[in-house]
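Spelled out from the first residue to the last, the chains are:
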Amino acid sequence: GADGLQKRELAIIEALRSSKSSKENVMSMALQQVCGGRHLQSVPVAHGLGWAIHDAIQFDAESESALSSLRYQLRGEFCCIFVVTTLFWIWRCFFELRNSLQLLDLFRFGTEACVPSPCKNIGSQDVEDVNLYTICPTDGSNGIHQKNGKALDLGSQVALLFIIVLRLILEAVLLIDGYFMNCETNCIMDLIMNAVALEFIFDVDDVAAFGVLSKRELEVMESHSVQLTWMGTSRWSVFRACRSPVRNWLKLFAVLLLTGMFSGARFFKVKSLHSRAFVACLTNGLTDGTSPLPDNAPEVVFPAPGFCASLLGAFSGLNGPNCWTWRNRLGEPLTNAICSNPGNIADAKWEQLLPMDEMGRQACTELWFGQGVPAGELVPALKYPGSFEPVAFGCRKEDLDIHSIRVIVPFYLTHEAHLARFRCRRPAYGPRSAVWSATSITSDEFIQPLYFFRYSDRSPLELQARSCENLPKVHGCGEDPCRVVTDSFHSTTCDEYCERHNLICAEAFAVSKGRTCAPGHRARSLNCLETQADKRRMLGCRCRLPPEERICGLLSNVYARCNHDPCKVLVSQFDRETGRPTNFRSCTDYCAMANLTCLAQLRVRQRSCKPDPRGSLLPCDDPLPKLSFDEYTDEGDGEDEWASELTRLAIIENDSPERVCHCGSPGLVFASAKK
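The shown structure was predicted, so the numbers you read here are calculated from the model rather than taken from an experiment. (Residues numbered from 1 in each chain as written. Predicted model: local features only at pLDDT ≥ 70, side-chain atom pairs only at ≥ 80, totals over all residues. Heavy atoms only, no water.)

Considerations on the state of the cysteines
Then step 1. Here the structure, examined in full by the defined rule, presents 13 disulfides.
Then step 2. Paired by a disulfide, Cys308 and Cys364 hold their sulfur atoms 2.1 Å apart. Sign of the S-S torsion, about -75° for the bond between Cys308 and Cys364, identifies this disulfide as left-handed. Of this pair, Cys308 sits in helix H10 (residues 307-315) while Cys364 sits in helix H11 (residues 358-367); the two residues are 56 residues apart in sequence, bridging distant segments of the chain. Of the two residues, Cys308 and Cys364, both sit in the buried class.
Then step 3. Residue Cys591 pairs covalently with Cys663 via a disulfide, S to S 1.9 Å. Classification of the bridge connecting Cys591 and Cys663 rests on its S-S torsion, roughly -70°, and on that basis the disulfide is left-handed. One end of the pair, Cys591, is in helix H15 (residues 587-592); the other, Cys663, is in strand E23 (residues 659-664), and 72 residues separate them in sequence. The pair Cys591 / Cys663 is uniform in exposure class, with both members buried.
Then step 4. The structure places no disulfide on Cys79, whose sulfur is separated from the nearest cysteine sulfur, that of Cys80, by 7.0 Å. (Disulfide = S-S within 2.5 Å. Helix = DSSP H or I, 4+ residues; strand = E, 2+ residues; numbered from the N terminus. Buried < 20%, exposed > 50% of the residue type's maximum accessible area, 1.4 Å probe, protein only.)

Shown next as structure tokens:
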């Protein structure tokens, strides 16, 4: 049982512990022992501007993960062989227990003893030393001839009682231990070998007897049997029931009942561990379904990296989605990401799916950002906080329903099982998500900024313009860079604090020293004009851009926002999510898309906000450069199809914008132009 169910359960518990102690939302080594070894491949594309990422987890039977092992043990062939070996093991244990109980007849030896009829005739030479038995009738009758025998002395009775008790204890222990030994077996071959080993334990005394006793002694032992009888005229016997068809069926029923209880207990235990492992993988180790999500769980819960993509590729008949992420210029952080669209996951055939995988299919379908994305279009992606790995599966914590059903499991160590359940009402991102109806102005009301790549279309405006990057603070609060515990003390309000950095106050609160200030945790609300007088608390503020600048969050197709000004946009030549060319004729046309006025059009260096040496200021109506699909000639030099797909779309390498549109609100043109 070194690799049995107890080890799998401990692996799940260790995965949860290691994930809770980790500050980053990444896949721990302990979680890989549960979900499967992660195989991450990253191929550079577009001359180092981006990466094609293929993230996979092995699901086949050769995987050593707890999930693959438990899945294998729920297969029909394994369950059938376990039931058969358990049935024969229980039957054999019953047979040995019966033989042990028959020795009790020797205590009744002085009253009556008999030989069951019909039986083999025994010659006088065979029984001269065994005079406690009668000779079977020679007329072939079925009667039982009885004869008084010689009683055992006290010492013999004590020795016999010791032997009987010892045999009963050993047989009971072997029955239970043999069951647990089979329960802790992971594969069919080991199950068969364990069954053979258990049978050998019962046969080892016979092997020893054949090696010690003579042939005549063996024949005498084989020919004689003692049957338990009771005093009185009824001559009723416990083991005479063996000759009753009804009682034979009752004994068979008892064996089958125990087999069903033993097999059912193990089945529910394996199913419990399998569902708990699935939930642990679907939440990246935050919970296994037996307890709610921890209080410090992130706002968006992602599955273990590569888990759903690998499940989709292994069983749905579709290719698992592959993702690409890229930066605007070499040496800068990654700013965008998209994923391929394998098709409608909900309508996929899933022909290779087994019944025990149904929860994974349903969960990954509900977590998929591509729900509602038309065929052939690309799928938007979020990122793991603390890293730049793109992900296309996830759910907001408030949309998750994770619980378990408790099942009593007799004949097993813990005596209970928890069948975990996982449900996501809508994905965290994509057309079916709550944030999809938002813009860069309001998206932070649904998802915290650090889950977005900087220049995703719905990325919060303050993140795109890096407005809160230089706020002086003691420490940040959660995944929002504009929510901070300030370094200002009792004489400062949040309104004054934000105004010093050309921002306005959106929220003020007081947090105890040493306590977290992430959203959702306890903090005393304050007014933006209120100071913090309690010396045991610190002032927390959330700042935002003023209205005349936030209105520029309606501008889309942003390649970059220049000089920390959200209204100065380096306009992308492509739609950043679909990969299609944009159709803006000029900056006037581009600003009008958001009901704004063009203040200026600037010519800059490619992919940069730096002015072009040839001169930068252009009329607002000057045509924007266009890039047609005919220019998509680079098919990529990667050998793998997944690595070259992005270069065939030419989103990275061929998107080289060189015009900045400076937009503003018609009513605030003077203020924006002055700035």
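With respect to the nonpolar core
Then step 1. Grouped together as the largest cluster of nonpolar side chains are 86 residues, with contacts concentrated most on Leu282, Phe307, Leu382 and Phe422.
Then step 2. Looking at this core, the element that brings in the most residues is helix H9 (residues 245-282), giving eleven residues.
Then step 3. In this structure, Val569, Val571, Cys620 and Cys661 belong to the second largest nonpolar core, which totals 24 residues. (Core = buried A, V, L, I, M, F, W, Y, C linked by side-chain atoms within 4.5 Å.)

Observations regarding the environment of Val474
Then step 1. Within the secondary structure layout, Val474 lies in strand E14 (residues 473-477).
Then step 2. Take Val474: its relative accessible area is 44%, and that puts it in the partly exposed class.
Then step 3. Spatially, the C-alpha atom of Val474 lies 10.0 Å from that of Leu539, the residues being 65 residues apart in sequence.
Then step 4. Contact partners of Val474, with chain neighbours within four places excluded, come to Val485, Thr486, Asp487 and Met538. (Contact = heavy atoms within 4.5 Å.)

Observations concerning unusual backbone geometry
Then step 1. Backbone geometry at Asn502 places phi at a positive 60°, although glycine is not the residue there.
Then step 2. Its identity as a non-glycine residue notwithstanding, His564 has a phi of 60°, on the positive side.
Then step 3. Structurally, His564 is set in the loop between strand E19 (558-561) and strand E20 (568-571).

Focus: the packing of helix H4 (residues 76-102) against helix H6 (residues 154-183)
Then step 1. Where H4 meets H6, the axes come as close as 9 Å, and the angle between the chain directions of the two elements is 175°. The angle between the axes of H4 and H6 places the two elements in the roughly antiparallel class. Contacts from Phe82, Thr85, Trp89, Ile90, Cys93, Glu96, Leu97, Asn99, Ser100 and Leu101 in H4 reach Ile164, Arg167, Leu168, Glu171, Leu174, Leu175, Gly178, Tyr179, Asn182 and Cys183 in H6.
Then step 2. The residue inventory of the contact of H4 with H6, partitioned by class, reads twelve nonpolar, five polar and three charged. (Axes fitted to C-alpha atoms, helices over the stretch in contact; angles between N-to-C directions. Parallel < 35°, antiparallel > 145°, perpendicular 65-115°, else oblique. Nonpolar A, V, L, I, M, F, W, Y, C, P; charged D, E, K, R; others polar.)

Brief notes about the sheet that holds strand E22 (residues 617-618)
Then step 1. On the basis of which strands lie adjacent, the open sheet formed by five strands has the order E19-E20-E23-E21-E22 and antiparallel pairing. Looking at which strands have only one partner, the edges of the open sheet turn out to be E19 and E22. (Pairing = 2+ DSSP bridges.)

Details of the packing of aromatic side chains
Then step 1. Considering all chains together, one arrives at twelve aromatic pairs under this definition.
Then step 2. With 5.0 Å between their ring centres and 35° between their planes, Trp368 and Phe393 make a pair best called tilted. Of this pair, Trp368 sits in the loop between H11 and strand E8 (379-380) while Phe393 sits in the loop between strand E10 (390-391) and strand E11 (395-396); the two residues are 25 residues apart in sequence, bridging distant segments of the chain. Like Phe393, Trp368 is buried.
Then step 3. One aromatic cluster in this structure is built from Phe369, Tyr429, Trp436 and Phe452.
Then step 4. The ring of Trp436 has Arg458 sitting right over it, with the charged end atom 3.6 Å from the ring centre. (Phe/Tyr/Trp six-rings, centres within 6.5 Å; stacked < 30°, edge-to-face > 60°. Lys NZ or Arg CZ within 6 Å of the ring centre and 35° of its normal.)

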